[in-house]
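Chains, contacts and geometry: an overview
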Amino acid sequence: MAPASPAESWSRLEQWFSKHQPALTLKLRPPASEQQIAAAELALGVDFPTDFRASLLVHDGQENEPDVCLFPYAQRLGSLESLVQCWKDDRSQYDEAEMRERLDWLSDDERVRQVHFHPKHVPIAGSPFWDYGRLLLDFIPGPRGSSGQIIARDDIHFVYVCESFGGLLAKTAQGLEDGTIAVVSGPYQRELQYLSRRGKKAVPAFKYFA
């Protein structure tokens, strides 16, 4: 069976929250235009994966402080404008000489390189100020990873999350529908908890989505 399109996944997510958590506001932004996407790609020096581009054509991220964190490691999905600005701000933090060796430092599964602020790591979700945890599009994967995979910065480490943003969206929608993802209270806002089975033991996001 073909994977769900980002448009379908967004529709399922919105319908689920409307039915089961109507008091929670996702603060989804309107679509980005093709021109805005092309300008962002030019600024970042990358071509977005097809599914991430398709998602932007549905919602250009979220406004700050939604009532629930839809994605692991991040408070909200960034807009094109905010993620491009974050990427530009990161350029002053990237030390190519210092990080050259870290390109060979890999996660245990060899999917992710442990290099900070690399220009081929594109932030797509995080806090309003892009501190703390982040989700990133990874264009410099490890030998067992794939270009365009979704990774997370978890404290000082980088971990694999999902093969693609479209996959992350689809698995989130499916998990909410089948009960293997639950909405729980977090320290600042509601967040999603990932379960090994419906109603069973909680598992880390990187194990749930992998």
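Reference entry: report on the structure contained in this document. Here the residue numbering is sequential within each chain, running from 1 through the sequence in written order. Owing to the predicted nature of the model, reporting of local features is limited to residues with pLDDT of at least 70; listing and counting of side-chain atom pairs is limited to 80 or more, with chain, interface and lining totals taken over all residues. Only hydrogens and water are removed before side-chain values are computed, so all heavy atoms of the structure are retained for them.

Notes on the packing of helix H1 (residues 6–20) against helix H6 (residues 165–178)
For the record, the criterion: In this description, a line fitted to the C-alpha atoms serves as the axis of each element, helices being fitted only across the stretch in contact, and the angle between N-to-C directions of two axes falls anywhere from 0 to 180 degrees. Secondary structure counts use DSSP, requiring at least four H or I residues in a row for a helix and at least two E residues in a row for a strand, with both numbered from the N terminus. In these notes the angle categories are as follows: under 35 degrees is roughly parallel, over 145 is roughly antiparallel, 65 to 115 is roughly perpendicular, and the rest is oblique. What makes a crossing left-handed is the near helix being turned counterclockwise from the far one by less than a right angle; a clockwise turn instead makes it right-handed. Note on contacts: a residue pair qualifies if any of its non-hydrogen atoms lie within 4.5 Å across the two residues. Asp, Glu, Lys and Arg are counted as charged, while Ala, Val, Leu, Ile, Met, Phe, Trp, Tyr, Cys and Pro are counted as nonpolar; the rest, among them Gly, fall into the polar class.
Across the interface, H1 lies against H6 with an axial gap of 9 Å and an inter-helix angle of 30°. Classed by the angle they form, the pair H1 and H6 counts as roughly parallel. Between H1 and H6 the crossing geometry is left-handed. Facing Pro 6, Ser 9, Trp 10, Arg 12, Leu 13, Trp 16 and Phe 17 of H1, the residues of H6 in contact are Leu 169, Ala 170, Thr 172, Ala 173, Gln 174, Leu 176 and Glu 177. A breakdown of the residues in the contact of H1 with H6 according to their chemical character gives nine nonpolar, three polar and two charged.

What to know about H6
The test is simple: Given a helix with a known number of residues, its expected span is that number minus one, times 1.5 Å. Residue exposure (1.4 Å probe, protein chains only): buried if accessible area is under 20% of the type maximum, exposed if over 50%, otherwise partly exposed. Polar contact is the term for a pair of N or O atoms within 3.5 Å; when the atoms are in protein, one must be able to donate a hydrogen and the other to accept it, and sequence-neighboring residues count only if both atoms are side-chain atoms.
Along its 14 residues, H6 runs 20 Å from first to last C-alpha, staying within 8% of the 20 Å computed at 1.5 Å per residue. Across the 14 residues of H6, 10 count as buried, placing the element largely inside the fold. Among the residues of H6, Phe 165, Gly 166, Gly 167, Leu 168, Leu 169, Ala 170, Thr 172, Ala 173, Gly 175 and Leu 176 are the ones counted as buried. Capping the start of H6 is the job of one residue whose side-chain oxygen sits 2.9 Å from the backbone nitrogen of Gly 167: Ser 164. Of the residues flanking the end of H6, it is Gly 179, one or two places downstream, whose phi is positive at about 85°.

Focus: the sheet that holds strand E6 (residues 157–162)
Threshold: We treat two strands as partners when DSSP finds at least two bridges between them.
The five strands are arranged E2-E3-E4-E5-E6 in an open sheet whose pairing can be described as antiparallel. Since the sheet does not close on itself, it has two edges, and those belong to strand E2 (76–77) and E6, each with one partner. Taken together, the two bridges between E2 and strand E3 (residues 121–126) define a ladder with antiparallel strand orientation. Of the residues in E3, the one forming a bridge with Arg 76 is Gly 126.

Remarks on the pattern of salt bridges
Worth spelling out the cut-off: Salt bridge criterion: a side-chain nitrogen from Lys or Arg within 4 Å of a carboxyl oxygen from Asp or Glu.
Applying the stated criterion to the full structure yields eight salt bridges. For Glu 34, the salt bridge identified is with Arg 53, shortest N-O distance 2.7 Å. Residue Glu 34 is located in helix H2 (residues 34–44), and its partner Arg 53 is located in helix H3 (residues 50–56); the two are separated by 19 residues in the primary sequence. Among the residues examined, Glu 34 registers a relative accessible area of 41% and is labelled partly exposed. For Arg 53, a relative accessible area of 21% puts it in the partly exposed group.

A closer look at the sheet that holds strand E1 (residues 68–69)
Spatially, E1-E8-E7 is the arrangement adopted by the three strands of the open sheet, whose pairing is mixed. Taken across any chain shown, the strands that pair with only one partner, and hence form the sheet edges, are E1 and strand E7 (181–185). Judged from the five bridges that link them, E7 and strand E8 (residues 190–194) form a sheet pairing that is antiparallel. Bridging from a neighbouring strand, Val 184 pairs with Glu 191 of E8. Here H6 sits on the sheet and contacts E7 and E8; the angle it forms with E7, its principal contact strand, is near 85°.

A few points about the side chain of Arg 134
Mapped onto the elements, Arg 134 comes out in strand E4 (residues 134–138). Those residues within four positions of Arg 134 in sequence are excluded, and the remaining contacts are Tyr 73, Cys 86, Asp 90, Phe 117, Pro 123, Ala 125, Gly 126, Ile 151, Ala 152 and Arg 153.

Quick word on the environment of Ser 55
By the element assignment, Ser 55 lies in helix H3. C-alpha of Ser 55 to C-alpha of Trp 130: the two residues are 75 residues apart in sequence and 20 Å apart in space. Contacts of Ser 55, omitting those with residues within four sequence positions, involve Pro 6, Trp 10, Phe 165 and Leu 169. For Ser 55, the side chain forms a polar contact with the side chain of Trp 10, separated by 2.9 Å.

Take it as geometry only, folks, not as evidence of what the structure does.
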